[in-house]
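Structural description and commentary
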Amino acid sequence: MKNLQEKSMLTAPLQRRSFLQFAGAGAAAMALVAVGCKKDRNNGPMPSGVTLDFKDDFGVLNYAYALEQLEAAFYIQVASKPPTTFSPAEKTYFQDIQFHEIAHREFFKKALNTAAIGSLEVDFSTINFNDRTSVLNAAKAFEDLGVAAYNGAGARIKTDAYLVAAGKIVSVEARHAAYVRDLISNGSFANAEVVNAQGLDMALSPDKVLAAAGKFIKTKINVINL
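The paragraphs below set out a description of the structure included in this document. Because the structure is predicted, anything quoted here is derived from the model rather than measured. (Residues numbered from 1 in each chain as written. Predicted model: local features only at pLDDT ≥ 70, side-chain atom pairs only at ≥ 80, totals over all residues. Heavy atoms only, no water.)

1. Details of the environment of P206
Take P206: it is sitting in helix α8 (residues 206–213). P206 sits in the buried class, given a relative accessible area of 1%. Taking the C-alpha atoms as reference, P206 lies 7.2 Å from G152; in sequence the two are 54 residues apart. Leaving out residues up to four positions away in the same chain, P206 has contacts with F54, Y63, R156 and L226. (Helix = DSSP H or I, 4+ residues; strand = E, 2+ residues; numbered from the N terminus. Buried < 20%, exposed > 50% of the residue type's maximum accessible area, 1.4 Å probe, protein only. Contact = heavy atoms within 4.5 Å.)

If you want it as structure tokens, here you go:
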């Protein structure tokens, strides 16, 4: 998707929702810290791949940034031409969710500054964007995976401000997941697939999340210090 099109998406709708208000001073603080880190990472496209170094918080933030890139790319494509069987309300919802995911992506990109990994090349060839069932199942997979990824990565975050930001984002991802799940099967928003007997949402380690997401990402992702 071209930058100009994404830029137009980010202006009025995001201002109406004021979605990024939660970032506030936290985003600015994160960006200032990121400026001081090593400037040896490319912030543009990286054909040879990207590296997620989990030795510190920036590795975890880049991990989240990679997943948000994937989700944003998916929802941009859905919103640009939703299945014809989507109701008007569903079309509106998927337009809203694309703005959320773009906001998440841009939040991490800005916060990481020069420490951000490059742009990922995605592969959605297994998804039929003309088919309602295919789109909803893909959305369910992305949202469930996103919630589990944040839950699994939380213990690795050492900085309180980063943990607070991640908590505010994962709660939005969970709202998305609940909505999509109910579109597929009413009442499945918190079934045993995602919530355990203790009433806790599932959590997955980065290696399991990246393995599941890998089929949708062309860019090679190298993981170290996990």
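From this point on, the discussion continues.
2. Regarding the side chain of E71
Here E71 is to be found in helix α4 (residues 57–80). Of the side chains bearing the opposite charge, R105 lies closest to the buried E71, which forms no salt bridge; the N-O distance is 11 Å. The residues contacting E71, other than those within four sequence positions of it, are E101, F142, E143 and E173. (Lys, Arg positive; Asp, Glu negative; His and termini not counted. Salt bridge = Lys/Arg side-chain N within 4 Å of Asp/Glu carboxyl O.)

3. Considering the pattern of salt bridges
Inspection of the entire model under this criterion finds 6 salt bridges. Between R132 and E90 there is a salt bridge whose closest N-O contact spans 2.6 Å. Of this pair, R132 sits in helix α6 (residues 132–153) while E90 sits in helix α5 (residues 88–112); the two residues are 42 residues apart in sequence, bridging distant segments of the chain. A relative accessible area of 22% means that R132 is categorised as partly exposed. A relative accessible area of 10% places E90 in the buried class.

4. Quick word on unusual backbone geometry
Positive phi is not limited to glycine here, since N113 has a value of about 55°. Tracing the backbone shows N113 in the loop between α5 and α6. A positive phi is found at N225, a non-glycine position, where the angle reads about 55°. Looking at where N225 falls in the secondary structure, it is placed in the segment after β2 (221–224).

5. Focus: the packing of α5 against α6
Where α5 contacts α6, the axes come no closer than 14 Å and their chain directions differ by 35°. As α5 runs across α6, the sense of the crossing is left-handed. Contacts between α5 and α6 involve E90, F94, I97, E101 and F108 from the former and R132, L136, A139, E143 and Y150 from the latter. (Axes fitted to C-alpha atoms, helices over the stretch in contact; angles between N-to-C directions. Left-handed = near helix turned anticlockwise from the far one by under 90°.)

6. Points about the environment of S188
On the secondary structure map, S188 appears in the loop between α7 (160–184) and α8. Using a relative accessible area of 10% as the deciding quantity, one classes S188 as buried. Excluding its chain neighbours within four sequence positions, the residues that come into contact with S188 are R181 and D182.

7. Focus on α6
Helix length check: α6, at 22 residues, gives a terminal C-alpha distance of 31 Å against a target of 32 Å (1.5 Å per residue), a fit within 8%. For α6, the N-terminal capping position is held by D131, with its side-chain oxygen 3.3 Å away from the main-chain nitrogen of T133. (Expected span 1.5 Å × (residues − 1). Polar contact = N/O pair within 3.5 Å; in protein donor to acceptor, adjacent residues only side chain to side chain.)

8. A closer look at α8
Within the span of α8, buried status applies to P206, V209, L210 and A213. Buried residues along α8 cover an arc of 95° about the axis, so they all sit on one side. Residues of α8 that are exposed and point over 90 degrees away from its buried face: K208 and A211. The elements touched by buried residues of α8 are β1 (50–53), α4, α6 and β2. (Arc of directions from axis to C-beta.)

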